Amino acid sequence: MGTDSQVARRRTYLDTADWRAFQGGWILEVDLENDGEVPVTVTFRDRDSEEVLATQAAASAPAYATDLPKCAPWTDLAEAIEGRRLLVQADTETWTQRMAVLNADRKTTARLLLERHVVTGPHDGRRHTLRTATVTPIRGYEKTAERVDEILVEAGARPSQEALLPAVLKLMGRPAPASRLGPGVPLRRTMTAAQAMGAILDRLREHVVVNEQGVREQLDTEFLHDYRVAIRRARSMVRQADGILAPAAARSLAAELQWLAALTGPVRDLDVHLEELGPAQGDDLDPLRRLLEGRRDIVHAALIAGLDSPRYAELLESWRTVSSAPADAEEAPWAAKPAGSASDAFIARAHRRVIRRGKKITDDTAPEALHDLRKRAKELRYLLECFQTLYPDADRTAVVRELKSLQDNLGEYQDCQVQAAALHTMAEALLESRAAPAATLMAMGRLAEEQEKREARARHDFQARFARFSSPANRDRVAALVGDLGKGDPG
Amino acid sequence: MRIIATYSIKGGVGKTTTAVNLAFLSAAEGARTLVWDLDPQGAATFLFRVKPRVKGGGKALVRGRSEVDHLIKGTDFDLLDLLPADLSYRHMDLDLDQAKQSTRLLARVLAPVRQEYDCVILDCPPSLSLVSESVFDAAELVLVPMIPSPLPARTLDQLEQFLKDKEARHPSRRAKDPKILAFFSMVDRRRRLHGQVISELLASRSDVLKSEVPASTVFEQMGVRRAPVEYYAPSSPAALAYRALWQEVKERG
């Protein structure tokens, strides 16, 4: 065996926080020179075959889809990433040793590439080591390579055909990216309701923690969106799961989650307004964009102050411990019962609430009733999502489909109302500060008018959507999912 | 696929050294390169540390009974492969003589791997024979190393005459003759005669390349190191000379 070189290579794996490249079947790598200097090489691979689809020299690692080359196949990747920030998901330093298998004439009869990958996780900074070996046959001496391969497999070396990234992630103690998405934690119907709720709340807390850095650094707007979705889900679960958690601990956590939702709300509202306006393009709406961006900076600073406060640290701590807070059977009658029957009962109750309130709405009902119905529909949706692993996929998605259709309608109605009202308020502010020409105010007027038209359309469509949701056929679907709706009502 | 032969009527003039070093340079540039060691002595095969054995021998190979694909060996260098020598090649003249269209057989042997290589270098045995004729039929370019002695021009003339006679022997065949380019090898500039011969020939003939390969102890080490000079002495004058020669071959060949 002869050795001829050992080189170090630094490679980072990039992906969005929600692993869009990986989900799309791709891997995005950035190779840095030994000294970490520019330029870098960006490589775009097929996730499963590891085949290189494209490679590109660049001055620095890409941060957004807009930094990728504007040609195929990069455009497929850019489309999947959308506006999300590319983050370093793993950082590997690889030491390569090339060896040759020699015969009696000192002729090379196979090549052996031994690699030692030192992997650093982005969150915990812990270092792990992974060793791989790749055998390359030499023409006319294939049997030697086969034998060496056998020896390596016997010795437990990682087969060279396996994609490196999943092995790297496993090594870092992180679940495979595919299982990281969504609130669905593995649950069993026979586990206790308290255990199931603990697992769900832990997962949601993890979502908040994972997205926090992106919220602080404003990497992209999706971090805050995902962060807030996790808060809303947790709040909804804590409030709806009465009878599972210790009431005092649950009440206190729900109140703190409400505080956190309120703290993050203003930034999200401004993100939505800015997204509606689209990027700056030198048009009449630019003064409005500047106004909104200025406001956003102010509310973001307030958000950071909140995240730095002891109150936030305490909230995360109480979130971690709420499911293990002691509760007696009288206070929490569902805690020790099977998760399956608890979940059935909660979903059935939430469904009944939506039906009951929806039925009361007529064309003359005040908008607030529709807003309230939207909240109830969300509660039902969160239950269906958080307890999803207890139900067969097909049955659950059938119920979610009709619910989503109703939610879309209610969402459109409320969003348009909020947007139109906000435009009116902002127009007044601009007028008062004389910060915008008349053209801007007129353009805003047109936007508000458009929102009002959409709002009217949504209101008009509501009855038909609700009729479908509350139809006997759809009620049967819910009954198929959670059993007899009359049974096990906890409240 | 480009086929280049290193050929000389005389032995010991640096044919194998040239074949091995130019093949290495070709592969180093990224061209998939094959050396076919046609000399039964197997010097190129020895330099690449490969056993001088071809399953079935030369006869089966030229008669198309062995698949060339299975006989090729990878060398220690990326993109550089070898079709080894075999002692039975000493009867290759006879094997070719018994076959139909004998001069076309070497080209036919290489046909199955045509897509696999960008460059094939034939290291030929020293003689004027049916094997040489077959080499001239297969190659586009014949590189002739010459020691700067008083008679090198005669060797070149002999070669040209041989090609003319070949046409006369096979009037029905209109195979295109290869381009012949000679160059000086084992040059010792301290010897006046060498300088004189080189100047005269360069002045009188257009088929002699300007690059010259010096006599050097670095070449003697090839047999011990069993590798091209570029590999173990890349900054030696010997290595520089082959780099210049390869450049000129690419420009003029």
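Look above for the structure.
Calculation criteria
Residues numbered from 1 in each chain as written. Chains lettered and ligands numbered in written order. Predicted model: local features only at pLDDT ≥ 70, side-chain atom pairs only at ≥ 80, totals over all residues. Heavy atoms only, no water. Patch = residues over 30% accessible without salt bridge, like charges linked within 9 Å, V, L, I, M, F, W, Y side chains within 5 Å. Areas by Shrake-Rupley, 256 points an atom, 1.4 Å probe, with all protein chains shown as cover. Salt bridge = Lys/Arg side-chain N within 4 Å of Asp/Glu carboxyl O. Lys, Arg positive; Asp, Glu negative; His and termini not counted. Charge placed at Lys NZ, Arg CZ, Asp CG, Glu CD. Helix = DSSP H or I, 4+ residues; strand = E, 2+ residues; numbered from the N terminus. Buried < 20%, exposed > 50% of the residue type's maximum accessible area, 1.4 Å probe, protein only. Contact = heavy atoms within 4.5 Å. Buried area = accessible area lost by both parts, 1.4 Å probe. Axes fitted to C-alpha atoms, helices over the stretch in contact; angles between N-to-C directions. Parallel < 35°, antiparallel > 145°, perpendicular 65-115°, else oblique. Nonpolar A, V, L, I, M, F, W, Y, C, P; charged D, E, K, R; others polar.

Engineer: Give a detailed account of a positive patch on the surface, specifying residues and quantitative values.
Structural biologist: Residue and element names in this part refer to chain B. Among the surface-exposed residues, Lys176, Lys179, Lys210 and Arg252 lie close enough to one another that they form a single positively charged patch. Looking at where Lys176 falls in the secondary structure, it is placed in the loop between α8 (152-169) and β7 (179-187). Among the residues examined, Lys176 registers a relative accessible area of 76% and is labelled exposed.

Engineer: So, the side chain of Arg205(A): which residues are in play, and what are the values?
Structural biologist: All names here are of chain A. Here Arg205 is to be found in helix α5 (residues 193-217). No salt bridge is formed by the buried Arg205; its nearest oppositely charged neighbour, Glu317, is found at 5.1 Å. Setting aside its immediate chain neighbours within four residues, Arg205 contacts Leu316, Trp319 and Arg320.

Engineer: I'd like a rundown of the interface of chain A and chain B, residues and numbers included.
Structural biologist: At the junction of the two partners, chain A supplies nine residues and chain B supplies 17 residues. Taking both partners together, chain A and chain B bury about 1000 Å²; carbon and sulfur atoms supply 31% of that area. For chain A, the biggest contributors to the area lost against chain B are Asp105(A), Lys107(A) and Arg139(A); these three give 58% of the whole. For the interface between chain A and chain B, the tally reads six salt bridges.

Engineer: Provide a residue-level description of the pattern of salt bridges, including the pertinent values.
Structural biologist: Counted according to the given criterion, the structure contains 43 salt bridges over all chains. The closest approach of N and O atoms between Arg381(A) and Glu385(A), which form a salt bridge, is 3.3 Å. Pair noted here: Arg381(A) and Glu385(A) are both in helix α11 (residues 367-386), with a separation of four residues, about one helical turn. A relative accessible area of 18% places Arg381(A) in the buried class. When the shortest N-O distance is used, the salt bridge between Arg2(B) and Glu140(B) registers 3.8 Å. Of this pair, Arg2(B) sits in strand β1 (residues 2-6) while Glu140(B) sits in the loop between α7 (130-138) and β6 (141-146); the two residues are 138 residues apart in sequence, bridging distant segments of the chain.

Engineer: Let's hear about the packing of helix α8 (residues 286-307) of chain A against helix α12 (residues 393-433) of chain A: which residues, and what values?
Structural biologist: Residues and elements named next belong to chain A. The N-to-C vectors of α8 and α12 enclose an angle of 100°; their axes lie 11 Å apart at closest approach. Classified by the angle between their axes, α8 and α12 sit roughly perpendicular to one another. Residue-level inspection shows Pro287, Leu288, Leu291, Leu292 and Arg295 of α8 in contact with α12, the latter providing Leu423, Met426, Ala429 and Leu430. Taken together, the residues that form the contact of α8 with α12 break down as eight nonpolar, no polar and one charged.

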